[in-house]
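Close look at the chain arrangement
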Protein chains: 2
Amino acid sequence: MIIIDYTDRRPIYEQIVERFQSLVLCGVLEKDAPLPSVRNLAMELSINPNTIQRAYTELERRGVIYAVKGKGNFVADMQAARALREKEVKEEAGRLVHKAKEAGMTKEELNGLLDSLWQDNKTGASKQGVGGEADD
Amino acid sequence: MIIIDYTDRRPIYEQIVERFQSLVLCGVLEKDAPLPSVRNLAMELSINPNTIQRAYTELERRGVIYAVKGKGNFVADMQAARALREKEVKEEAGRLVHKAKEAGMTKEELNGLLDSLWQDNKTGASKQGVGGEADD
DNA sequence: CCAACTGTACTAGTATACTTAATACAGTTT
DNA sequence: AAACTGTATTAAGTATACTAGTACAGTTGG
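The shown structure was predicted, so the numbers you read here are calculated from the model rather than taken from an experiment. Residue numbers run consecutively from 1 along every chain, following the written order of its sequence. In the order they appear in the text, chains get letters beginning with A and ligands get numbers beginning with 1. Given that this is a predicted model, residues contribute local features only at a pLDDT of at least 70 and side-chain atom pairs are listed and counted only at 80 or more, while totals for whole chains, interfaces and linings are drawn from all residues. Water and hydrogen atoms were dropped before computing side-chain values, which therefore reflect all heavy atoms in the structure.

Attention now moves to the relation of the copies chain A and chain B. In this comparison the copies share one frame, found by least squares on the C-alpha atoms of residues holding pLDDT of at least 70 in both. Here chain A sits on chain B after a turn of 179 degrees about the axis and a move of 0.0 Å along it, with an RMSD of 0.2 Å. Expressed as a symmetry operation, the mapping of one chain copy onto the other fits a two-fold axis. For chain A, the smallest separation between a C-alpha atom and the rotation axis is recorded for Asn-111 of chain A, amounting to 3.5 Å. Most of the interface of chain A is mirrored in chain B, where 92% of its interface residues again form contacts. Contact definition: two residues touch when any of their heavy atoms are within 4.5 Å.

Okay, structure coming up:
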């Protein structure tokens, strides 16, 4: 369910946050579904429980999950996660437009690019992974 | 010409790289124009020359500038920088489409968002008249 | 030639963020 | 009470960004 990409420059806890947020948005994890316990997931991923805890704390801060002491962490209402994603989309879109202009692209070219990407990229697909494995 | 944002989480050298790349793309810095010397810019920004050197090395790797030992660093052909930007745009657009779908947005909503951002976000990169798109 | 400028390379130290580790405490369930 | 759950704290290891100092190499102009 959760895969850590060690070639990713982003910290582990951030990858976990992103991944769970995606799983909630895709509907894989439904409302009130329990997340793996901090210690369990840490063992499964062979990382420290503190790192998981940090990710869960951030997810709770974002409203994607809620925690109940003694019971576990559970998926919150999807709307919170969806709203966050929409905010992220707006921020990223701003940067994208800026860069596209610097690259000398026209509005039509950008629209065309987005259009073709919209076809390729299937929403619920497991293509979420950053893809590409690298070894060292 | 160069401003460091210490509230930015990205490292200084990366900001410098991004800034110079933008200046080249915007046409502010023309081909073969000299960049500030490593020591000069370091003094001006009150940071270490090594940090500037690191930024310049990265810019050279990207093909945005070229270095001549004993003389200085100079702006390379804009095409290289522009091609790189276009590649970046494609990568970012891919991530954007994915997130937009997760946020439950439709293709039309994303197009509309990009469209409105295109108006707001002015960039001096319009060297040759790409203009002509219909706006009202 | 030589001083003063340029880029380049290298080592060492510091600061911060990420991660691990161990421990302790609090609440739930059986 | 035992075995789970979340939560908090402190310490230590590691990687990266940055600073600092030094040294070397090439260019330029007096």
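Quick look at the interface of chain A and chain B now. Contacts between the two partners involve 40 residues from chain A and, on the opposite side, 41 residues from chain B. Summed over both partners, the accessible area (1.4 Å probe) lost when two parts come together is defined as the buried area. Both faces combined, the contact of chain A with chain B buries some 4,000 Å², and carbon together with sulfur accounts for 62% of it. Salt bridge criterion: a side-chain nitrogen from Lys or Arg within 4 Å of a carboxyl oxygen from Asp or Glu. In this assembly, chain A and chain B are joined by nine salt bridges. The partner of Glu-88 of chain A in a salt bridge is Lys-99 of chain B, with the nearest N and O atoms 3.0 Å apart. By the criterion applied in these results, polar contacts are pairs of N or O atoms within 3.5 Å in which, for protein atoms, one can donate a hydrogen and the other can accept it, and in which residues neighboring in sequence qualify only through two side-chain atoms. One can count 12 residue pairs in polar contact (both at pLDDT 80 or more) joining chain A with chain B. For the purposes of this entry, the term helix denotes a DSSP run of H or I that reaches at least four residues, the term strand denotes a run of E that reaches at least two, and both are numbered from the N terminus. Looking at the side of chain A that touches chain B, the elements that each hand over two or more residues are α1 (12–26), α4 (78–102) and α5 (107–120) of chain A. Element by element, the count of residues in the side of chain A that touches chain B is highest for α4 of chain A, at 17 residues.

This part takes up the protein's contact with DNA strand D. Whether a residue is near a molecule or strand depends on its heavy atoms: it is near if one of them lies within 4 Å of it. The full set close to DNA strand D counts 25 residues, and Arg-39 of chain A together with Ile-12, Asn-50, Thr-51 and Arg-54 of chain B are the nearest of them. Within 4 Å of the protein, the contacting atoms of DNA strand D are drawn from sugar and phosphate to the extent of 62%. Taking Val-38 of chain A, its main chain carries an N or O atom lying 3.0 Å from a phosphate oxygen of DNA strand D. Broken down by secondary-structure element, the contributors of at least two residues to the surface near DNA strand D are α2 (38–45), α3 (49–61), β1 (65–68) and β2 (72–75) of chain A together with α1 (12–26) and α3 (49–61) of chain B. Its residues assigned to classes, the surface near DNA strand D comprises seven nonpolar, 11 polar and seven charged. Gly is put with the polar residues, along with every residue not named as nonpolar or charged; the nonpolar set is Ala, Val, Leu, Ile, Met, Phe, Trp, Tyr, Cys and Pro, and the charged set is Asp, Glu, Lys and Arg.

What follows concerns the protein's contact with DNA strand C. As a matter of local geometry, DNA strand C sits amid 25 residues, with Ile-12, Asn-48, Asn-50 and Thr-51 of chain A together with Arg-39 of chain B nearest to it. Among the atoms of DNA strand C close to the protein, meaning within 4 Å, 61% are from sugar or phosphate groups. Contact between DNA strand C and Ser-37 of chain B: a phosphate oxygen at 3.1 Å from a side-chain N or O atom of the residue. Side-chain polar atom of Arg-39 of chain B to a base oxygen of DNA strand C: 2.9 Å apart, as the coordinates give it.

Here a strand pair is declared whenever DSSP counts at least two bridges between the two strands. Pairing between β1 of chain A and β2 of chain A: four bridges, direction antiparallel. Its bridge partner being in β2 of chain A, Tyr-66 of chain A is matched across the sheet by Phe-74 of chain A.

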